[in-house]
There are 6 protein chains.
Amino acid sequence: MDDSRVATVPLVDEANVTGKVADIFADIKRTKQIDFVPRFWRVLATNPAQLEMVWTSLKRLMHPEAVGAESLLDPQTREIIAIAVSATNGCNYCINSHTTAAMKMGLTREALGEVLAIAGLFNMTNALADGYQIEPDVRPPLE
Amino acid sequence: MDDSRVATVPLVDEANVTGKVADIFADIKRTKQIDFVPRFWRVLATNPAQLEMVWTSLKRLMHPEAVGAESLLDPQTREIIAIAVSATNGCNYCINSHTTAAMKMGLTREALGEVLAIAGLFNMTNALADGYQIEPDVRPPLE
Amino acid sequence: MDDSRVATVPLVDEANVTGKVADIFADIKRTKQIDFVPRFWRVLATNPAQLEMVWTSLKRLMHPEAVGAESLLDPQTREIIAIAVSATNGCNYCINSHTTAAMKMGLTREALGEVLAIAGLFNMTNALADGYQIEPDVRPPLE
Amino acid sequence: MDDSRVATVPLVDEANVTGKVADIFADIKRTKQIDFVPRFWRVLATNPAQLEMVWTSLKRLMHPEAVGAESLLDPQTREIIAIAVSATNGCNYCINSHTTAAMKMGLTREALGEVLAIAGLFNMTNALADGYQIEPDVRPPLE
Amino acid sequence: MDDSRVATVPLVDEANVTGKVADIFADIKRTKQIDFVPRFWRVLATNPAQLEMVWTSLKRLMHPEAVGAESLLDPQTREIIAIAVSATNGCNYCINSHTTAAMKMGLTREALGEVLAIAGLFNMTNALADGYQIEPDVRPPLE
Amino acid sequence: MDDSRVATVPLVDEANVTGKVADIFADIKRTKQIDFVPRFWRVLATNPAQLEMVWTSLKRLMHPEAVGAESLLDPQTREIIAIAVSATNGCNYCINSHTTAAMKMGLTREALGEVLAIAGLFNMTNALADGYQIEPDVRPPLE
């Protein structure tokens, strides 16, 4: 299959990159400990400035240790947020990618099922709360 | 309160309209059997061509009898679809407006609760089906 | 095709189930009058507690007669809500499944077209009402 | 303020309930360790069957210990999923409610900021992956 | 492949249409300067009234010059709005179709990347603003 | 009104900031040519790293000239994308903020109406294309 035709915007081939894009591709593989560059990054690479911006943000938030930062959440929880958002939006690529990542980190099928059950539950209650036009409960001051 | 300041785009005041906009405002009140022009139409009236386009489509689909057309769905079912879509999107104005319209047509609070319960349920199953990346069941030909 | 590989979470094979899952699978086929277990339920079956919870809710709301309850909406209207929600969310599996179910109940292509036209219309008006920041019309007390 | 007028569907007053609804209201306060019944449940109480169904599912998933079940996720992670879903859907009531719940469990403002940053990030990448029409990376068998 | 089986609702074959549908099909090809009728219109053609309604609205807004109207936006900007909406909703057919149309009008891959980057950015900030429950900044009167 | 109580997460007061946050606040006012710091940034400032990340991305994409970069889209088109995304998501704060910004750049009410009409139209066609399960038209290679 001609891989470069899968998306309307062609995928950048890892073998053909140099300079900043090559550095980011290498950083993605090293940081994520994978041996290929996922299609998401290969498409973004058609716009190197965008590739850098998205990778910088994602690296900072999802791999903080790689930039000497700290996270108050553990890595699996961070992937769980990604799964919950992606299931809510119905983004097929993203669900596939984050499910794979979370399972690689040790999230079991049973736990994944629980994540999706909870995400599903709150998609239900969100529609109910909006549909019934419910105003927030009175809030006490936070301090 | 200065009513014309409620939205960033000011509401067109019913008392000040003439020509096509006045005709459509009158048609909205007559067709919907209400004695005021809802804010939605008063905002659209800032763009008369858009007002006409949206009203023509909505009148054809929601009040087909007014244009000599027929519907295969009854009026309450059509409002129920509006409620289900608006609860799913979380559109506050729309939920308020369609709930009011449906209740005026005789939808009871119990039935409204059932509509929202079902809309909520399928927002849940949608997230589950997407989250689990489930492909459609094999489809037999329709004929 | 290796059916169990279609989703990241494998489908539970109907032939291999026992106990509670087998009972629910049988109940799904009997209640829905179908001769196979849809993939949605075969995926949920990887988490039996979740399978039971979702099936109990869906059976209660979509097949109330099967649990001795009553609905204020007719069965076709309930499927129409499912279609409207699923089209709004763009859930491919769900649209496919509920379209099939509604047509089996007698919803014609013409009526399906009308359901989708109305769902489409209100996705448009939802974006307009939100985009114009329109506040709800004054509400009279309901009683 | 006349509290029963806040939503189109009136809120059920805690002081006036008996039977099943009173039992569920008491269970909600006991299980969630709060001294009032949130509006969400007071609206659902207009449909006791729906109140029971939603509470049963939510109690099972969010308070499993109360029904003798176990969760593979800790309580704070479960609330984090609720926040991520609600921020993605833009459900104001739900965001307010789950933020409050998570903070009560010890989620700091800094950690909440991180949850929202990650939820925001993946709303961005979801739109990018969909917008670029990217197909999932090749999946190795899971076993 | 049996083209008429691709969607649950069969595609209307261009060779078999007469009357109003044939006229609209011809108008679509002429107005859009394409030599085939896209599947979207071939499905809508199963409901000729709906086909006419959607085409009339789309022609008026996206091809105003064809009906003697004027637009305050240039054609490429109008397609860019279509792409931004479709990427936000994750509508695969629509993204594919509007990306193709915009590129045909001269939108380069680099510019498409910028459109998607900006659409992605605001999907992120939308989730942040909703997630943090931020109220609008004080609005000065518009005049 | 006690401004710091509007959101659950308190707004950072411009008068009390120093260091990096003060620098970013000044940069926001200078780059956007406004004389106050919008609430969005004042909430993000509770997490300085997140404030910096979001501002860096937004500044690069929406104010490229301020970082010596170039855009292939004009500033008004970039705000139009923001409006289209925000109307689709129904994010009230964002719609308010981007409508104000676009009008300040010269977008007239008539043009804003056209932006929203087109955004509305494609929210409708997105639901139709998804609801009818339409597969993309055959794509010719792009080169």
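### Concerning the overall build of chain A
So, step 1. Summing up its helical and strand segments, chain A has six helices and zero strands in all.
So, step 2. Its helices and strands in sequence order give chain A the pattern α-α-α-α-α-α, from N to C terminus.
So, step 3. The C-alpha atoms of chain A give a radius of gyration of 19 Å, which is well past the 15 Å a tight globule of 143 residues would have.
So, step 4. Here the C-alpha coordinates of chain A stretch approximately 55 × 40 × 30 Å along the principal axes.
So, step 5. In chain A, buried positions account for 51% of the 143 residues.
So, step 6. Restricting the contact set of chain A to residue pairs at least 6 apart, pairs at least 24 apart contribute 48%.

### Observations regarding the relation of the copies chain F and chain E
So, step 1. Each copy superposes on the other: chain F lies on chain E with an RMSD of 0.0 Å after a rotation of 180 degrees and an axial shift of 0.0 Å. Taken together, the rotation angle and the small translation identify this as a two-fold axis.
So, step 2. Most of the interface of chain F is mirrored in chain E, where 100% of its interface residues again form contacts.

### Describing the domain arrangement of chain A
Residues and elements named next belong to chain A.
So, step 1. What the domain assignment reports for chain A is domain 1 (1–71) and domain 2 (73–143).
So, step 2. Between domain 1 and domain 2, the C-alpha centre-to-centre distance is 25 Å.
So, step 3. Listed as interface residues are four residues of domain 1 and, on the opposing side, four residues of domain 2.
So, step 4. The class makeup of the residues in the side of domain 1 that touches domain 2 is three nonpolar, one polar and no charged.

### A word on the interface of chain F and chain E
So, step 1. Tallying the contact residues gives 52 residues for chain F and 53 residues for chain E.
So, step 2. The element contributing the most residues to the side of chain F that touches chain E is helix H6 (residues 109–131) of chain F, with 14 residues.

Conventions and cut-offs
Residues numbered from 1 in each chain as written. Chains lettered and ligands numbered in written order. Predicted model: local features only at pLDDT ≥ 70, side-chain atom pairs only at ≥ 80, totals over all residues. Helix = DSSP H or I, 4+ residues; strand = E, 2+ residues; numbered from the N terminus. Rg over C-alpha atoms; globule rule 2.2 N^0.38 Å. Buried ≥ 20, exposed ≤ 12 C-beta atoms within 10 Å, placed from the backbone. Contact = placed C-beta atoms within 7 Å. Least-squares fit on C-alpha atoms with pLDDT ≥ 70 in both. Domains from an automatic or database assignment. Nonpolar A, V, L, I, M, F, W, Y, C, P; charged D, E, K, R; others polar.

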